[in-house]
Amino acid sequence: PVVPVNAGQLLEVELRSLQPTLEATGASVSWDPLPTVAVKPAHLQQLFHNLIGNSLKYRKESEQPRIHISATAE
């Protein structure tokens, strides 16, 4: 079901699951305050996983990844 979800809290959950990969690549992740959105929580968590995972997978090997996540209202 679609429910109100604090996107920042869900991002933190996903970052904990990706922690070994983040440490192995030396990546840093920062984010601005994220809104509460009406979504299926598993879908938003998968989105964060895919975006961060792809950022780490398709990076220059010679550079430490720096990932910043933000949102804008439209």
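All values reported here derive from a predicted model rather than from experimental measurement.

Right, let's talk about the overall build of the protein chain for a bit. Regarding its fold elements, the protein chain presents three helices and four strands. Secondary structure elements of the protein chain occur, N-terminal to C-terminal, as β-α-α-β-β-α-β. In the protein chain, which comprises 74 residues, the share counted as buried stands at 27%. Counting 6 positive and 7 negative side-chain charges, the protein chain places the centres of these two groups 6 Å from one another.

All right, on to the nonpolar core then. Core analysis: the largest hydrophobic core is formed by 16 residues, its most contacted members being Leu-11, Leu-22, Phe-48, Ile-52 and Ile-69. Elements with a minimum of two residues in this core: α1 (7-17), α3 (41-57) and β4 (66-69). Apart from the residues lying within four places of it in its own chain, the contact partners of Phe-48 are Ala-7, Leu-10, Leu-11, Glu-14, Leu-34 and Ile-69.

Let's shift gears to the pattern of salt bridges. All told, the structure shown has two salt bridges when counted by the stated rule. Close ionic contact of Arg-59 with Glu-61 constitutes a salt bridge, the shortest N to O distance being 3.5 Å.

The first and last C-alpha atoms of α3 sit 24 Å apart over 17 residues, in line with the 24 Å expected at 1.5 Å per residue. Looking at α3, one finds that the buried residues are Leu-44, Phe-48, Ile-52 and Leu-56. An end-on view of α3 places all buried positions within 105° of arc, on one side of the element. Exposed positions of α3 whose direction lies more than 90 degrees from the buried face are Ala-42, His-43 and Lys-57. Taken together, the buried residues of α3 touch α1, α2 (19-25), β3 (36-39) and β4.

Thresholds, definitions, all that
Residues numbered from 1 in each chain as written. Predicted model: local features only at pLDDT ≥ 70, side-chain atom pairs only at ≥ 80, totals over all residues. Heavy atoms only, no water. Helix = DSSP H or I, 4+ residues; strand = E, 2+ residues; numbered from the N terminus. Buried < 20%, exposed > 50% of the residue type's maximum accessible area, 1.4 Å probe, protein only. Lys, Arg positive; Asp, Glu negative; His and termini not counted. Charge placed at Lys NZ, Arg CZ, Asp CG, Glu CD. Core = buried A, V, L, I, M, F, W, Y, C linked by side-chain atoms within 4.5 Å. Contact = heavy atoms within 4.5 Å. Salt bridge = Lys/Arg side-chain N within 4 Å of Asp/Glu carboxyl O. Expected span 1.5 Å × (residues − 1). Arc of directions from axis to C-beta.

Shape is all these values report; function is a separate question.
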